[in-house]
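What the coordinates show
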Amino acid sequence: MRRRIDEVLDTASRRRLLTAACVLGLIGLALMSWSLFDQGWIPVMMAMSIGQLVGTLSFALFVLVVIVDLRRATFRQSTPPEPRDLDDP
Amino acid sequence: MVSLPSLMHVSPLSWIALTCALIAALIMVLYLVYRPPLDARTKAVLALGLGVLPIMTALIGNVEGLRATESQAFCGSCHTMDLHIADANDPDSLGLAAIHSRTKMFGDRSCYVCHKDHGMYGYALTKLGGMGHVYYFLSDYMWEDVDASISRIHIARPFRNENCMQCHSTSGRLWSEVPDHRGLLEDLRTGQTSCASVGCHGYAHPFSKADEPGAEAHLLHDPVLSEGP
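The following paragraphs examine the structure supplied in this document.

Quick notes on the rules
- Residues numbered from 1 in each chain as written.
- Chains lettered and ligands numbered in written order.
- Predicted model: local features only at pLDDT ≥ 70, side-chain atom pairs only at ≥ 80, totals over all residues.
- Heavy atoms only, no water.
- Phe/Tyr/Trp six-rings, centres within 6.5 Å; stacked < 30°, edge-to-face > 60°.
- Helix = DSSP H or I, 4+ residues; strand = E, 2+ residues; numbered from the N terminus.
- Buried < 20%, exposed > 50% of the residue type's maximum accessible area, 1.4 Å probe, protein only.
- Lys NZ or Arg CZ within 6 Å of the ring centre and 35° of its normal.
- Salt bridge = Lys/Arg side-chain N within 4 Å of Asp/Glu carboxyl O.
- Contact = heavy atoms within 4.5 Å.
- Buried area = accessible area lost by both parts, 1.4 Å probe.
- Polar contact = N/O pair within 3.5 Å; in protein donor to acceptor, adjacent residues only side chain to side chain.
- Nonpolar A, V, L, I, M, F, W, Y, C, P; charged D, E, K, R; others polar.
- Expected span 1.5 Å × (residues − 1).
- Lys, Arg positive; Asp, Glu negative; His and termini not counted.

**A short note on the packing of aromatic side chains**
- In the structure shown here, the tally under the stated rule is 4 aromatic pairs over all chains.
- Seen from their ring centres, A:Phe37 and B:Trp15 are 6.0 Å apart, and the 75 degrees between their planes marks the pair as edge-to-face. Taken as a pair, A:Phe37 in helix α2 (residues 14–37) and B:Trp15 in helix α2 (residues 12–34) lie in two separate chains rather than in one.
- Owing to a relative accessible area of 40%, B:Trp15 belongs among the partly exposed residues under this scheme.
- Above the ring of B:Tyr203, the side-chain terminus of B:Lys209 is found at 5.6 Å from the ring centroid.

Shown next as structure tokens:
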């Protein structure tokens, strides 16, 4: 399972993930905005269930892109400062 | 279809939510159209468009959505409630629902104010009960004509005097001057006798109980009580 997750994170396309996140985000926002104008049971329940589910999924995909980025990043090793000789004036 | 008058009733909080949603949507559309390189700046803007702003829209949407569920318009958005809403808003109706709906304290929230659970977890329990209504509507009443379903619609459990007593404390002088109130005081407080029973104040929505004996009988023929504001 762990290996499978690593494989997905190593090979995932960030652009595809972000495209999916944006499309899902637009759908979620449309559903949530609809309920602000039309306060019948269908828009309100759609916004508070499907709208928020889709919106959360969109945000989760963005977080996944951040995780993928961090895994692929090469961090420069920090070099410790030169030891100072305290006796040296 | 959203009409202009309904747009005029959108609250200031909703406009804030809508502004957040529009900015977030703009960010997402611009990303989809221009596909900028995924540098730190792009990701910061996307964090705003995919995270911060939609979360604000969702939070405000929740507040406004829950507030909307308290309105008569929300209850009346299922066609099975059309006749109940019409009766509640009928200026000539002498039913309990209509009399209470005429007062400002109930007004366009009259369904919720009368039917909600006033207990400690009342808000959550009322919402859970509402989900039950949605289930019954979707599974049973949705495709049925309101005239056909009116005889089948019934309250989930008998209406509790406790709800009436949120306003009518049963200890006021005017209330106590009514002989029936005095005689039934303990029964009324414990719910043994319903305020909305035949012979007392009658059904809250008398039109819906037309087949039942005495449905039209209630003691609110007092012109002062019946007229409302």
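**Focus: the pattern of salt bridges**
- All chains considered together, the criterion is met by 12 salt bridges over all chains.
- Ionic pairing is found between A:Asp6 and A:Arg2, a salt bridge with its closest N-O pair at 3.8 Å. With A:Asp6 and A:Arg2 both in helix α1 (residues 2–11) and 4 residues apart, the pair spans about one turn of that helix.
- We note a salt bridge from B:Asp117 to B:Arg157, for which the minimum N-O separation is 3.6 Å. With a gap of 40 residues between them, B:Asp117 in the loop between α7 (110–115) and α8 (122–141) and B:Arg157 in the loop between α9 (146–149) and α10 (161–164) connect regions that are remote in the sequence.
- A single network of salt bridges, built from pairs that share partners, joins A:Arg2, A:Asp6 and A:Arg71.

**Some words on the interface of chain A and chain B**
- Every contact between the two is made by 25 residues of chain A and, on the other side, 40 residues of chain B.
- Where chain A abuts chain B, roughly 3,000 Å² becomes buried across the two surfaces, and 76% of that area is made up of carbon and sulfur atoms.
- When residues of chain A are sorted by the area they lose upon contact with chain B, A:Leu36, A:Phe37 and A:Trp41 head the list and together hold 25% of the total.
- Viewed at the interface, chain B and chain A are joined by 1 salt bridge.
- One salt bridge in this structure joins B:Lys43 and A:Asp69, with 2.1 Å as the shortest N-O distance.
- Across the contact surface, chain A and chain B share 6 residue pairs in polar contact (both at pLDDT 80 or more).
- Contributing elements (two or more residues each) for the side of chain A that touches chain B: α2 and α3 (41–72) of chain A.
- Considering every element that reaches the side of chain A that touches chain B, the biggest residue donor is α2(A), with 14 residues.
- Its residues assigned to classes, the side of chain A that touches chain B comprises 15 nonpolar, 7 polar and 3 charged.

**Regarding α2(B)**
- Across its 23 residues, α2(B) extends 33 Å between first and last C-alpha, which sits within 8% of the 33 Å expected from 1.5 Å per residue.
- Every buried residue belonging to α2(B) is among B:Ser14, B:Ala17, B:Leu18, B:Cys20, B:Ala21, B:Ala24, B:Ala25, B:Ile27, B:Met28 and B:Tyr31, and all of these are buried.
- Where α2(B) is buried, its residues contact α2 of chain A together with α3 (40–68) of chain B.
- At the exit of α2(B) stands B:Arg35, carrying a positive phi of roughly 45 degrees.

**Points about the side chain of B:Arg102**
- Position of B:Arg102 relative to the elements: it lies in the loop between α6 (96–101) and α7.
- Despite being buried, B:Arg102 has no salt bridge partner; B:Asp90 is the closest side chain of opposite charge, sitting 6.1 Å away.

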